Amino acid sequence: MWRGSLVPAVALLLCALAPLQRAAAATCAGVAPARRRPEVISIKDFGGVGDGRAVNTRAFRAAVYTIEHRRRRGGTELRVPAGMWLTGGFNLTSHMTLFLERGAVLVATRDARRWPLVAPLPSYGRGREMPGPRYASFIGGDGLRDVVITGDKGVIDGQGEVWWNMWRRRTLQHTRPNLIEFMHSTGIHISNIVLKNSPFWNIHPVYCENVVVTNMMILAPHDSPNTDGVDPDSSTNVCIEDSYISTGDDAVAIKSGWDEYGIAYGRPSSGITIRRVRSSSPFSGIAIGSEASGGVRDVLIQDCSVFDSGYGIHIKTTTGRGGYIRNVTVDGVRLARVRSGVRIAGDAGDHPDGRFNSLAVPTVDGVRIRNVWGVGVREPGSLEGIRNSPFTRICLSNVKLFGGSGGGDAAWRCRDVQGAALGVHPWPCAELAATGVAAAGSCGY
């Protein structure tokens, strides 16, 4: 219960929200619209049985095969009616919509023998958890155009507990499967459904462009390992909006490859918009990295809220990553009951193997964090760069973070960082305060 000195802080937070609520809702969802299809078919047409016992892998694969080879002008919608549709993994095809009706639940098989293996991503060089190949995603596709996954609050259940337990018991043979992964694809739209209990990451567009994730609910227990919500990876023009994410790891994490493999592949993530996302996680609400070796640039995080979480905003990298993180804007974020409000760290993350280049030092430049309000924030945060390679143009403006009741606000921690601060509570560290006047011009105040 909020008491004492925290009550005025809550009032200030509500006042700060009012202009955001009154503003017209901007959107980026037009980069990949949910197109209407002239043809609609049902999974029942292919022998599907939604009783929760029959395995429908053959039916789903047959339906996708039919859509691919019919090549109807404008595409085809595959409709899944109410029921429990147990199935192994399957890939989609171009110019296709997978529509889950209200009451429809796609249920992933728990038998690991039914999950095929695929090659590791070239920008990672190995599976993220284990060397060698990785399990294929539950729903996926490679080299596709114009794909929609949507519905009327239908559900995709990854039944991830069996995979989480293998991770806990250290009996995994290969890296766990993502729930949804698209590679080398463009025009991907995912909306209006519920994802829950993913074995690993929930939505992973990698080497993609023009991706929309909107009006989603993504759920996993807070103790489920590595169940990231949405992870744009070496992808361009990605829009994540109007969604609720509560998982066991970062709600959103922007990535672009891992150490020497990501540097060699050299494909950045850029043009990423995250707007009106409400999230809770034991780790980060919104994260960049730590796998960012191909570079991350031009990111907008706007009008989001993070509660009951480890970190609010978390930018993470380390020596050996290489790459860059630049031109990041965080604007209008609300925090409640988080351990640390803002963390920018140059010592976060592991390495795929011993062949990483210790001279590959990442750069972090041009990070603008403004209009951030928080209550119940245990520590305002830390801004800690890399020795002899400081993070530059780190700019804080109108950042108000209040601690819990019965005590004073903790202090910021800073080193190897340059930038400016204006209207920040608690008052920021000397590295920003001392350079504030000189750096204010570069921050655009």
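Please refer to the structure higher up on the page.
The paragraphs below set out a description of the structure included in this document.

Conventions we followed
- Residues numbered from 1 in each chain as written.
- Predicted model: local features only at pLDDT ≥ 70, side-chain atom pairs only at ≥ 80, totals over all residues.
- Heavy atoms only, no water.
- Buried < 20%, exposed > 50% of the residue type's maximum accessible area, 1.4 Å probe, protein only.
- Helix = DSSP H or I, 4+ residues; strand = E, 2+ residues; numbered from the N terminus.
- Pairing = 2+ DSSP bridges.
- Lys, Arg positive; Asp, Glu negative; His and termini not counted.
- Salt bridge = Lys/Arg side-chain N within 4 Å of Asp/Glu carboxyl O.
- Polar contact = N/O pair within 3.5 Å; in protein donor to acceptor, adjacent residues only side chain to side chain.
- 1 Å grid on protein atoms, 1.4 Å probe; cavity = no way out; pocket = protein on both sides within 12 Å on 5 of 7 lines; lining within 4 Å.
- Points joined across faces, edges and corners; volume = space filled by probe spheres on them.
- Nonpolar A, V, L, I, M, F, W, Y, C, P; charged D, E, K, R; others polar.
- Contact = heavy atoms within 4.5 Å.
- Disulfide = S-S within 2.5 Å.

## A few points about the pairing of strand β13 (residues 180-183)
Looking along a regular strand, one sees the side chains alternate between the two faces of the sheet.
Okay, so step 1: Here β13 shows no split at all, with I180 and F182 on one side and E181 and M183 on the other all buried.
Okay, so step 2: Bridging between strand β10 (residues 139-142) and β13 involves four bridges; their strand directions are parallel. In the sheet register, I139 faces β13, and the bridge partner there is I180.
Okay, so step 3: For β13 and strand β16 (residues 203-206), the ladder comprises four bridges, and the chain directions are parallel. What sits directly across from M183, in β16, is V206.

## A word on the side chain of R126
Okay, so step 1: Within the element layout of this structure, R126 appears in the loop between β8 (117-118) and β9 (134-135).
Okay, so step 2: Of the side chains bearing the opposite charge, D353 lies closest to the buried R126, which forms no salt bridge; the N-O distance is 6.5 Å.
Okay, so step 3: Here the side chain of R126 touches E129 through a polar contact of 3.0 Å, landing on its backbone oxygen.

## Some remarks on empty space enclosed by the protein
Okay, so step 1: Inspection of the entire model under this criterion finds two cavities of 30 Å³ or more.
Okay, so step 2: Its boundaries defined by the atoms lining it, the largest cavity holds a volume of some 90 Å³.
Okay, so step 3: Lining the largest cavity are L121, Y124, R126, G127, R128, R134, T175, R176, N178, F200, W201 and H204.
Okay, so step 4: Of the residues belonging to the lining of the largest cavity, the class tally is four nonpolar, four polar and four charged.
Okay, so step 5: Taken as a whole, the second largest cavity holds about 30 Å³ of empty space.
Okay, so step 6: Lining of the second largest cavity is provided by I180, F182, I188, I190, I203, H204, P205 and V211.
Okay, so step 7: Here the lining of the second largest cavity takes three residues from β16, the largest share from any one element.
Okay, so step 8: Its residues assigned to classes, the lining of the second largest cavity comprises seven nonpolar, one polar and no charged.

## A look at the side chain of S246
Okay, so step 1: Among the secondary structure elements, S246 is positioned in strand β19 (residues 236-246).
Okay, so step 2: Its relative accessible area of 12% is what places S246 among the buried residues.
Okay, so step 3: Aside from chain neighbours lying at most four places away, what touches S246 is I218, L219, A220, H222 and S280.

## Thoughts on the state of the cysteines
Okay, so step 1: If you walk through the whole model with that rule in mind, you get two disulfides.
Okay, so step 2: Disulfide pairing places C28 opposite C239 at an S-S distance of 2.0 Å. Residues C28 and C239 share a disulfide whose torsion about the S-S bond is about 85°; that sign makes it right-handed. Of this pair, C28 sits in the loop between α1 (6-22) and β1 (39-42) while C239 sits in strand β19; the two residues are 211 residues apart in sequence, bridging distant segments of the chain.
Okay, so step 3: Taking relative accessible area as the criterion, C28 reaches 16% and is therefore assigned buried.
Okay, so step 4: Under the relative-accessibility criterion, C239 is labelled buried at 1%.
Okay, so step 5: The side chain of C414 participates in a disulfide bridge whose partner is C429; the two sulfur atoms lie 1.7 Å from each other. Residues C414 and C429 share a disulfide whose torsion about the S-S bond is about -65°; that sign makes it left-handed. Taken together, the residues span a long stretch of sequence, with C414 in strand β27 (residues 413-415) and C429 in the loop between β28 (417-425) and α5 (430-443) at a distance of 15 residues.
Okay, so step 6: C414 gets classed as buried once you look at its relative accessible area, which sits at 15%.
Okay, so step 7: In this model C208 remains outside any disulfide bridge; the closest cysteine sulfur is found in C239, 15 Å from its own.

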